[in-house]
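Structural overview for review
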Amino acid sequence: MNLTNRRILIGVTGGIAAYKTAYLTRLLVKAGADVRVVMTEAGTKFVTPLTFESLTDNDVAVDMFPPGKFVGTRHISYAEWADLIVIAPATADFIAQIANGFCQNLLSTIVCAASKQILIAPAMNDGMYSSPAVQKNIATLREQDYKFIDVGIGEMACNSFGPGRMAEPDEIFERISELLQKDGPLAGKNIIVTAGPCREAIDPVRFISNRSSGKMGYAIAIEAEKLGASVTLISGSVALPAPDGVEVINVETTQEMAEAVYDRFDNSDYLVMAAAPADYKPTISFDQKIKKCGNKMMVEFSPTPDILKSLIPKRNDKQTIIGFALETENVIENANKKLIDKKLDYIVVNDATEKGAGFDTDTNRVTVLAINGDSIDIDLADKDVIARKIWEYVLGDE
Ligand code: CTP
């Protein structure tokens, strides 16, 4: 599963299984998650903070009050930052602390302050694991909706045999992915959204482009994420903040946008081409700045790839492709032609001459045309409302 932009806090307590947590950390980072590690003092005796710092590229926090460092309410900010906290390995002592509300160290304080999902991967000797005290603490935490990943049965570091081994990193990774699986009608769907203008260089300081702001595409991506999708936003040059929970890939030229789409297209369920690629680029892009000479200047343009058209032979029946069209005349007729020529499922069309619609506004007014002949008019509204209504129409139609 792609965990891009998911924030995972790993708590490492003092058990030999901490070495497996290094591998778990690697799996999470590879899946795109933003990972931070907090260790108890005992945890650092088994694996050093440096190991986790190297794996996550983030500081590892251990002390509640590190000497010479102002940390303020770090326990609260860590608790609020994480989408999910996983304690691996969780010792009998640590489980007892959190089951009884003790806040003796930074990690137990974070757990106490957290309101997000907490997954616990116990690891201890079989006798300890089976003891009534530990079982009672686990039952207490389960009642409070803490999630547990079952221990394995097998040989222990202390040479005894029984239940108590920490689950394997792959299993913990799968469980984290399940817990982070989103709800909503687009849950489990991979969606590519393109947004914004492409730029084509004339020389190192000049380019041709268009007036697209990217706002409509960004709104489509944000709404898709809220509806549960895993969203990749391929963005031209815009002045908009990267939306939370969305993977953003920045591109400049139409060719770069095309390649970014091709790379991900096979794995996608929906493609929404809200971007305004450049239809032409200068045939020659000069290496050095063109100097002013006072005479007329000619720039010759060559066509760029039509991204949607080039996808026609690559697409499968399960994919839904949504194009956009900005027209200034014969609006519906032109849009219908694009819907058919580019073999789209839907096209969202707006009239650039209409007040409050089109480029660089916060509002829009659109018509969505479906390939089956249906259509819907969406009245003037903020682009986030328009985006939500487009998704509702597409989802209601399927
Ligand atoms: N599009 C594309 N590749 C291009 C240009 C456009 O995939 N090189 C996509 C746009 O993202 C949009 C749809 O095609 O979803 C229609 O774009 P538009 O600019 O309205 O139409 P064009 O095909 O470029 O035709 P024209 O400019 O002549 O209206």
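Provided above is the structure to which this section pertains.
Presented here is a report on the structure given in the accompanying data block. (Residues numbered from 1 in each chain as written. Predicted model: local features only at pLDDT ≥ 70, side-chain atom pairs only at ≥ 80, totals over all residues. Heavy atoms only, no water.)

**Concerning the site of the ligand**
Of all residues adjacent to the ligand, which total 15 residues, the nearest are M273, A275, F324, K338 and K342. Across the complex, the protein chains shield 76% of the 570 Å² of accessible surface that the ligand would expose by itself. Counting residues per element, the ones that place at least two in the shell around the ligand are α12 (307-310) and β17 (320-327). Counting residues per element, the shell around the ligand draws most heavily on β17, at four residues. Looking at side-chain class alone, the shell around the ligand contains nine nonpolar, two polar and four charged residues. (Near = heavy atom within 4 Å. Areas by Shrake-Rupley, 256 points an atom, 1.4 Å probe, with all protein chains shown as cover. Helix = DSSP H or I, 4+ residues; strand = E, 2+ residues; numbered from the N terminus. Nonpolar A, V, L, I, M, F, W, Y, C, P; charged D, E, K, R; others polar.)

**A word on the sheet that holds strand β13 (residues 247-250)**
Spatial strand order, β13-β12-β9-β14-β17-β18-β19-β20: eight strands in an open sheet with mixed pairing. The open sheet terminates on both sides in strands that have one partner only, identified here as β13 and β20 (375-382). In this sheet, neighbouring strand axes are inclined to one another by 20° on average, regardless of whether the strands run parallel or antiparallel. Note: strand β14 (residues 270-273) against β17, four bridges, orientation parallel. Across the sheet, residue V272 finds its bridge partner in β17, namely I322. Packed onto the sheet, helix α11 (residues 254-265) meets β9 (190-195), β12 (230-235), β13, β14 and β17 and runs at close to 175° relative to β9. (Pairing = 2+ DSSP bridges. Axes fitted to C-alpha atoms, helices over the stretch in contact; angles between N-to-C directions. Contact = heavy atoms within 4.5 Å.)

**A word on helix α5 (residues 92-99)**
Across the eight residues that make up α5, a large majority, six, are buried. Looking at the packing, one finds that the buried side of α5 touches β4 (84-90), α6 (106-113), β5 (117-122), α7 (126-130) and α8 (132-143). Downstream of α5 by a residue or two, G101 has a phi angle that is positive, lying close to 75°. (Buried < 20%, exposed > 50% of the residue type's maximum accessible area, 1.4 Å probe, protein only.)

**Some points on the pattern of salt bridges**
Taken as a whole and assessed by the stated rule, the structure comprises 16 salt bridges. Of the charged contacts, one joins R206 and D203 as a salt bridge, the two residues approaching to 2.5 Å between their closest N and O atoms. Residue classification places R206 among the partly exposed positions, given a relative accessible area of 35%. Among the charged side chains, a salt-bridge network with shared partners connects R6, R7 and D83. (Salt bridge = Lys/Arg side-chain N within 4 Å of Asp/Glu carboxyl O.)

**With respect to the packing of α5 against α8**
Two elements in contact, α5 and α8, have axes whose closest approach is 9 Å; the angle formed by their N-to-C orientations is 45°. The pairing of α5 with α8 is recorded here as oblique in orientation. Once α5 is placed against α8, the crossing between them reads as left-handed. Of the residues in α8, those in contact with A92, I95, A96, I98 and A99 of α5 are V134, N137, I138, T140 and L141. (Parallel < 35°, antiparallel > 145°, perpendicular 65-115°, else oblique. Left-handed = near helix turned anticlockwise from the far one by under 90°.)

**Observations concerning the sheet that holds strand β2 (residues 34-39)**
Spatially, the six strands line up as an open sheet ordered β3-β2-β1-β4-β5-β6, and their pairing is parallel. Where the open sheet ends on each side, the last strands, each with one partner, are β3 (60-61) and β6 (147-148). The pairing of β2 with β3 spans two bridges and is classified as parallel. Counterpart to V38 in the pairing with β3 is A61. Most of the contacts of helix α4 (residues 74-81) go to β2, to which it runs at about 140°, and overall it touches β1 (7-12), β2 and β3.

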